[in-house]
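# Observations on chain architecture
If you want the building blocks of each chain, they are given just below.
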Amino acid sequence: MPQQVLTETLRVAIHAPVPLVRAGLANFVALDPRLHELPQDRIREADAIVVALDVADASALDLLHRLCDKPGARFLVVVVRQWRADMSAARKRGVRGVVWWDFCSPDVFARSVRAVAGGDESAPTLPPATARARTVAKLNSREVDVLRLIAEGKQCDEIATELSYSERTVRYILYGAMKRTRTRNRAHAVSYAIRAGLI
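Residues numbered from 1 in each chain as written. Predicted model: local features only at pLDDT ≥ 70, side-chain atom pairs only at ≥ 80, totals over all residues. Heavy atoms only, no water.

This brings us to the overall build of the protein. Scanning the protein for helices and strands turns up 10 helices and five strands. The buried share among the 199 residues of the protein stands at 45%. Of all intrachain contacts in the protein linking residues separated by at least 6 positions in sequence, the fraction that spans at least 24 positions is 67%. For the protein, the accessible area works out to roughly 10500 Å², and carbon and sulfur atoms hold 53% of it. (Helix = DSSP H or I, 4+ residues; strand = E, 2+ residues; numbered from the N terminus. Buried < 20%, exposed > 50% of the residue type's maximum accessible area, 1.4 Å probe, protein only. Contact = heavy atoms within 4.5 Å. Areas by Shrake-Rupley, 256 points an atom, 1.4 Å probe, with all protein chains shown as cover.)

Relative to the assigned elements, Met 178 resides in helix 9 (residues 167–181). A relative accessible area of 13% means that Met 178 is categorised as buried. Spatially, the C-alpha atom of Met 178 lies 9.1 Å from that of Val 190, the residues being 12 residues apart in sequence. Sequence-distant contacts of Met 178, defined by excluding residues within four places in its chain, comprise Thr 183, Arg 184, Asn 185, Arg 186 and Ala 189.

For the structure shown, the criterion picks out 13 salt bridges. Salt-bridge contacts for Asp 32 lead to Arg 114; the nearest nitrogen and oxygen are separated by 3.1 Å. Taken together, the positions of Asp 32 in the loop between helix 2 (19–31) and strand 2 (35–37) and Arg 114 in helix 5 (residues 106–117) put the pair 82 residues apart, joining distant regions of the chain. The closest approach of N and O atoms between Glu 152 and Arg 148, which form a salt bridge, is 3.6 Å. Put simply, Asp 32, Arg 34 and Arg 114 are held in one network by salt bridges that share partners. (Salt bridge = Lys/Arg side-chain N within 4 Å of Asp/Glu carboxyl O.)

Let us look at the packing of helix 7 (residues 141–151) against helix 8 (residues 156–163). One can describe the packing of helix 7 onto helix 8 by two numbers: an axis separation of 10 Å at closest approach and a directional angle of 130°. With respect to helix 8, the element helix 7 is oriented oblique. Judged by the twist between their axes, the crossing of helix 7 over helix 8 is right-handed. Facing helix 7, whose interface residues are Asp 145, Val 146, Leu 149 and Ile 150, helix 8 presents Ile 159, Glu 162 and Leu 163. Along the lines of polarity and charge, the residues of the contact of helix 7 with helix 8 split into five nonpolar, no polar and two charged. (Axes fitted to C-alpha atoms, helices over the stretch in contact; angles between N-to-C directions. Parallel < 35°, antiparallel > 145°, perpendicular 65-115°, else oblique. Left-handed = near helix turned anticlockwise from the far one by under 90°. Nonpolar A, V, L, I, M, F, W, Y, C, P; charged D, E, K, R; others polar.)

Nothing here speaks to function; it is geometry throughout.
Take a look at the structure:
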C-alpha cells in the first residue's frame, strides 16, 4: 500500500552523467532523512530511480530499460534542457514523474521521489510542453541575443557595437533578463539560459 511505503525510508538510486547534477541530486537525498541513496550496483533494489537527462528523447527512454530491467521499476526523470520523448512511451518505460532541473528544489525533489516510490499515479509532474513553453517565454529575442554574446565572453560595449545598440540599452536589456528570470547576476542569467536551452 502506498501509505505504508511513505512512512518508511525510501531507497533511491541516482543516474546522472554530469557530475555537478549528480552531486546536487545526491545532496537532495542526503538532506531528507526519509531517503537513502543506494549504490549503482544495487539499482534493482531501489524504490525510485532518479535519472537526470540533458535531453529526454527516445534513446533516453531506451537507457531506462538498460539501467534497470526489473518489472515495475519506477523512474523520476530530471530534465536539464529539453523533453522530446512521447509521454505515453515514457509511462510504459516506468516514468512516474518528471521534474525540470531549473525547478528542482530539495523539497520538490523529495516530494517527487516519495510520490513516485509510493505508487502515487498523480506524482508531481511538470508537463514537458507546458514547462518548456513557460521557460522559453521568460526571455525575449533581444535578451537571448545579449545573453548569448555574454556567454561568448563579450563585454557590454562590444555587444552594443555588434547589435547596433547603445551600451546603456544593452545594460537595460541585461537587467531586464535578470529580473525576468530572477537571477542574481549576469553569470547566473547566462547559466539559466543555457540550462533552458535558449543559447
